Amino acid sequence: MAVLFVLALVAGCADDGTPAAETEAPTAISVPASLPLGTGFDFYVLALSWSPAYCEVEGANANRDQCAEGRNLGFVVHGLWPQFDTGYPEFCPTRQPDRVPADLGRDYLDIVPSMGLIGHQWRKHGSCSGLSQKDYFKVLRAARARIRVPEAFAPDRLPAEIDAMEAEDAFVAANPGMARAGIAVACQRGLLREVRICLTPSLGFRDCPEVDRNGCRMDNLTVPEPN
């Protein structure tokens, strides 16, 4: 099992995957002042999927764009999910179209790995945000930019195994203001599958007892390497 106490002392990776200098202390990431504010829910969950685990679990059913040889994807945005303190809405009625236009969706393929996932996330979750498609995806990008991925998940530092609580602690250390009660790890078949981070509509960190309570507590989760 990897020992990750050092993560409390280091910053995360930049969005381009380049590790920050080890001497750099974690700093808060600003949120655009013009951020559209959704309505009709209590908070968001930003779901960051560990792509190699998705590809391994789904096997032949995995999205080919996401899991093609050489993609080398780590954490990708699974979705930005409007939530209630208890439960969550889905597939909400909206005047927006079901289909996400290609010219809009393509702008987000750098963080959401396929048009199929982009469309599904809009229909199931974005439709419940009270936002237009354009504004929902603008908030989704801002939410992703809000999060620093810990250095433990950089390609040259990737542990073979990690405890769920250690993964949470790593994210908390890399993101000032985040608390353990505002993050949850999802696991499947002994793999670290996803990290779910709770954010206010204005993208501040917040606690989310129900999400946290439903998180994985397993030790020695396997962390598959990107292909």
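How each quantity is defined
- Residues numbered from 1 in each chain as written.
- Predicted model: local features only at pLDDT ≥ 70, side-chain atom pairs only at ≥ 80, totals over all residues.
- Heavy atoms only, no water.
- Helix = DSSP H or I, 4+ residues; strand = E, 2+ residues; numbered from the N terminus.
- Buried < 20%, exposed > 50% of the residue type's maximum accessible area, 1.4 Å probe, protein only.
- Contact = heavy atoms within 4.5 Å.
- Salt bridge = Lys/Arg side-chain N within 4 Å of Asp/Glu carboxyl O.
- Expected span 1.5 Å × (residues − 1).
- Disulfide = S-S within 2.5 Å.

### Considering the environment of Cys 198
Argument step 1. With respect to the helices and strands, Cys 198 occurs in strand E7 (residues 191-199).
Argument step 2. By relative accessible area, Cys 198 is classed as buried at 1%.
Argument step 3. As a C-alpha pair, Cys 198 and Gln 83 span 115 residues in sequence and 9.1 Å in three-dimensional space.
Argument step 4. If near-sequence neighbours (up to four positions away) are discounted, Cys 198 is found in contact with Phe 43, Tyr 44, Val 45, Gly 182, Gly 204, Phe 205, Arg 206, Cys 208 and Val 211.

### Looking at the side chain of Gln 133
Argument step 1. Within the secondary structure, Gln 133 is located in helix H5 (residues 133-146).
Argument step 2. For Gln 133, a relative accessible area of 4% gives the class buried.

### Description of the pattern of salt bridges
Oppositely charged side chains can pair when the atoms bearing their charge come close.
Argument step 1. All told, the structure shown has nine salt bridges when counted by the stated rule.
Argument step 2. In this structure, Arg 180 and Asp 169 form a salt bridge, with 2.8 Å as the shortest nitrogen-oxygen distance. In this pair, Arg 180 is assigned in the loop between helix H6 (164-174) and strand E6 (183-188) and Asp 169 in helix H6, connecting sequence segments 11 residues apart.
Argument step 3. Owing to a relative accessible area of 37%, Arg 180 belongs among the partly exposed residues under this scheme.
Argument step 4. Note that Asp 212 and Arg 217 form a salt bridge whose closest N and O atoms lie 3.8 Å from each other.
Argument step 5. With a relative accessible area of 41%, Arg 217 lands in the partly exposed category.

### Describing H5
Argument step 1. The terminal C-alpha atoms of H5, which comprises 14 residues, lie 20 Å apart, in line with the 20 Å expected from a rise of 1.5 Å per residue.
Argument step 2. Regarding H5, the residues found buried are Gln 133, Tyr 136, Phe 137, Val 139, Leu 140, Ala 142, Ala 143, Arg 144 and Arg 146.
Argument step 3. Looking at the buried side of H5, the elements it contacts are strand E2 (43-50), strand E3 (75-83), helix H3 (102-105), helix H4 (115-124), strand E4 (149-150) and E7.

### Remarks on the state of the cysteines
Argument step 1. A full pass over the atoms with the stated rule returns four disulfides.
Argument step 2. A sulfur-sulfur separation of 2.1 Å characterises the disulfide bridge that pairs Cys 187 with Cys 216. Classification of the bridge connecting Cys 187 and Cys 216 rests on its S-S torsion, roughly 95 degrees, and on that basis the disulfide is right-handed. Here Cys 187, found in strand E6, pairs with Cys 216, found in the loop between helix H7 (209-213) and strand E8 (221-222); they are 29 residues apart in sequence, far enough to count as distant.
Argument step 3. Two residues, Cys 198 and Cys 208, share a disulfide whose sulfurs are 1.9 Å apart. Taking the torsion about the S-S bond as the criterion, the Cys 198 to Cys 208 disulfide, at about 85 degrees, is right-handed. Note that Cys 198 is positioned in strand E7 and Cys 208 in the loop between E7 and H7, a separation of 10 residues in sequence.
Argument step 4. Along the protein, the cysteines engaged in disulfide bonds are linked according to the scheme 1-2, 3-4, 5-8, 6-7 when indexed in sequence order.

Keep in mind these numbers describe shape, not what the thing actually does.
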